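Below are the chains, spelled out letter by letter.
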Amino acid sequence: MSSTKYIFVTGGVTSSLGKGIISASLAKLLQARGYSVTIQKFDPYINVDPGTLNPYEHGECYVTDDGAETDLDLGHYERFLNVPTSQDNNVTTGRIYYKVITQERQGAFLGKTVQVVPHITDEIKRNFKALGENGNFDIIITEIGGCVGDIEALPFIEAVRQFKWEMGDNNVITIHLTLVPFLKSAGELKTKPTQHSVKQLSESGIQPDILVCRTEYHLSQEIRKKIALFSNVQQNCVIESIDAETIYDVPLLMKKEKLDIRVLQKLRLEEKQEPNLDSWKEFLGKLKNPTSEINIALIGKYVELKDAYKSIAESFIHAGAMNECKVNLEWIQSEKLLENVYETISEFDGVLVAPGFGERGFEGKINAVKIARENKIPFFGICLGMQCSVVEFARNVLKMDDAASTEMNPNTNYPVINMMEEQKSITQKGGTMRLGSFQCELLPNSNAAKAYGTTKINERHRHRYEFNSHFKEQFTKAGMTPTGINPESGLVEIVEVMDHPWFVGVQFHPELKSTVLNPHPLFVAFVKASLEYSKTKN
Ligand code: GLN
């Protein structure tokens, strides 16, 4: 039998309590004690993966090295643990059913009635274990999306119950995350929602081992005792999770509450060493004591929902700390950048044009690039943002008046961005873009190469369109140079404007690889360039 131990994290009372951050923080502490840990997320929706979801629905789609389109919580896992995740770290109800139904069509069930129990729950349990199979992990944390009591979460909860029963209490524990709200009018913290939520979980046959209680105020021993009594949980396993100044404080807060120690006790694992969090604390020190400040314009079309650009925002936190600089992000709706663009953009110390799809807001993004290029404001274009910089350069420098991406205008005379050859025959939607990690070789002395400190890199992609190599020479002659090329396919992955202090457009998504301990070099360099620009400006 495998010696891997399993921790399930469920949520109750309300969504958005931060199961992902609690899971990642616990994993961080266990990792810092010397355990190998990974986290996986099981989402109850029917989409096979979140790749087809509009960011307004579910926030950013996070892409792994192996090309899986996944939930944005995987981004937190990677940023905290500094270990890559994979396709196996995110499973949805859709994927479970897809597998079972495909098997049924192949006749795998030999005439049996295919049912939620046991067939769906068996497939869920198989997936709980998949990451543990190669023996690489001592501990696997599984976050169950949604709340207990949600109809759609029932098969997952039932599978957790069965799994715990089969594997034994010492090998599987459940942590339930709830809310202890403060009622202003009564002037007190209320435990009833937590009591109800635990009751609901118990009705499904799962007794939580540990409760993590989100709260705005400290939980007194008295409150903890009350929660413990009503929930059948030991008092020292009622863990307070107080609102934090930054999500990166949470591992330290959880350490103070001894969450890691309680977990290890329950799983009959030794404490090993005290968690070594020196570099984490160093990062927090820099983050909280900036010596400078810059303002960055972030241009995108999903700006009303900050989760749509989660990884970009977090990358700026990492890169800001590295530069001991506070980065203020101003989210600007690209649709609004059709007039007064200079007035809106020229005040900033740096401009980032975000990834995206479709026509909405495209022209506004191009207008923003123009202001950044002409006024030598540091510019960072990511994926669609890079494509916008190419279109802008074509129109305004190369005088190709109707230049466009064929995504926005299939009939343009100057298709400077066009669909990749391999994409042209694809009609299926989910998981069919150019996805995952690809190699890229950098031109020595380019700003990109200077940032990375090497000329060979790997970055993650998610796109269907690309720089049209047919125009390479014209662009290079006029001052926009491809400085990053895929050695196998010859695809242009990076462009730079050479007579500009820092103008870098990348076809890949650097934000997906920035972590606390390894801030992404391009974000670090962009923040640095913006800081220098802000100094010369003043
Ligand atoms: N829509 C563009 C493409 O598919 C850019 C995608 C993106 O920004 N992720 O190529």
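This text gives an overview of the structure that appears in the document. (Residues numbered from 1 in each chain as written. Predicted model: local features only at pLDDT ≥ 70, side-chain atom pairs only at ≥ 80, totals over all residues. Heavy atoms only, no water.)

## Focus on the environment of Ile377
Phase 1 of the analysis: Checked against the element boundaries, Ile377 lands in the loop between α14 (362–374) and β15 (379–382).
Phase 2 of the analysis: In this structure, the C-alpha to C-alpha distance between Ile377 and Asp243, residues 134 residues apart in sequence, is 37 Å.
Phase 3 of the analysis: Among residues more than four places away in sequence, those in contact with Ile377 are Ile345, Ser346, Phe348, Asp349, Gly350, Val351, Ile371, Ala372, His500, Trp502 and Tyr533. (Helix = DSSP H or I, 4+ residues; strand = E, 2+ residues; numbered from the N terminus. Contact = heavy atoms within 4.5 Å.)

## Considerations on helix α3 (residues 73–81)
Phase 1 of the analysis: Of all nine residues that make up α3, nine are buried, and the element is covered over most of its length.
Phase 2 of the analysis: Positive phi shows up at Asn82, right after α3, with a value of about 65 degrees. (Buried < 20%, exposed > 50% of the residue type's maximum accessible area, 1.4 Å probe, protein only.)

## Here we look at the site of the ligand
Phase 1 of the analysis: The full set of residues close to the ligand is Pro355, Gly356, Phe357, Cys383, Leu384, Gln387, Glu407, Arg462, His463, Arg464, Tyr465 and His509.
Phase 2 of the analysis: In this structure, Leu384 approaches the ligand through a main-chain N or O atom, which is 3.0 Å from an oxygen atom.
Phase 3 of the analysis: Here the ligand, which alone exposes 300 Å², has 99% of that area covered by the protein.
Phase 4 of the analysis: Using a 2 Å cut-off from the grid points, one finds that the ligand occupies the second largest pocket.
Phase 5 of the analysis: Where the shell around the ligand is concerned, the elements lending two or more residues are α15 (384–396) and β19 (456–463).
Phase 6 of the analysis: Of the residues assigned to the shell around the ligand, the class counts are five nonpolar, four polar and three charged. (Near = heavy atom within 4 Å. Polar contact = N/O pair within 3.5 Å; in protein donor to acceptor, adjacent residues only side chain to side chain. Areas by Shrake-Rupley, 256 points an atom, 1.4 Å probe, with all protein chains shown as cover. 1 Å grid on protein atoms, 1.4 Å probe; cavity = no way out; pocket = protein on both sides within 12 Å on 5 of 7 lines; lining within 4 Å. Sits in = over half its atoms within 2 Å of the grid points. Nonpolar A, V, L, I, M, F, W, Y, C, P; charged D, E, K, R; others polar.)

## Let's talk about the sheet that holds strand β16 (residues 404–405)
Phase 1 of the analysis: Pairing is mixed in the open sheet, where three strands are placed in the order β16-β17-β20. Each of the sheet's edge strands pairs with one partner strand only, and the pair in question is β16 and β20 (465–467).
Phase 2 of the analysis: As paired strands, β16 and strand β17 (residues 415–419) are joined by two bridges and run parallel to one another. Bridging across to β17, Ser405 finds its partner in Ile417. (Pairing = 2+ DSSP bridges.)

## As for the pairing of strand β14 (residues 350–353)
Phase 1 of the analysis: Burial of the side chains of β14 extends over both faces: Gly350 and Leu352 are buried on one face and Val351 and Val353 on the other.
Phase 2 of the analysis: Here four bridges tie strand β12 (residues 292–300) to β14, and the two strands are oriented parallel to one another. Considered in β14, the bridge of Leu298 is made with Leu352.
Phase 3 of the analysis: Chirality of the crossover, the property in question, places the unit of β14, α14 and β15 among those that are right-handed. (Right-handed = clockwise from strand over helix to strand, strands pointing away.)

## Description of the sheet that holds β12
Phase 1 of the analysis: Ordered in space as β13-β12-β14-β15-β23-β22-β21-β18-β19, the nine strands form an open sheet in which the pairing is mixed. At either end of the open sheet lies a strand with only one pairing partner, and these are β13 (325–333) and β19. On average, each strand axis in the sheet is tilted by 30 degrees relative to the strand beside it, whichever way the strands run.
Phase 2 of the analysis: In this fold helix α18 (residues 521–537) packs onto β12, β13, β14, β15 and β23 (503–506), with an angle of close to 115 degrees to the strand it touches most, β12. (Axes fitted to C-alpha atoms, helices over the stretch in contact; angles between N-to-C directions.)

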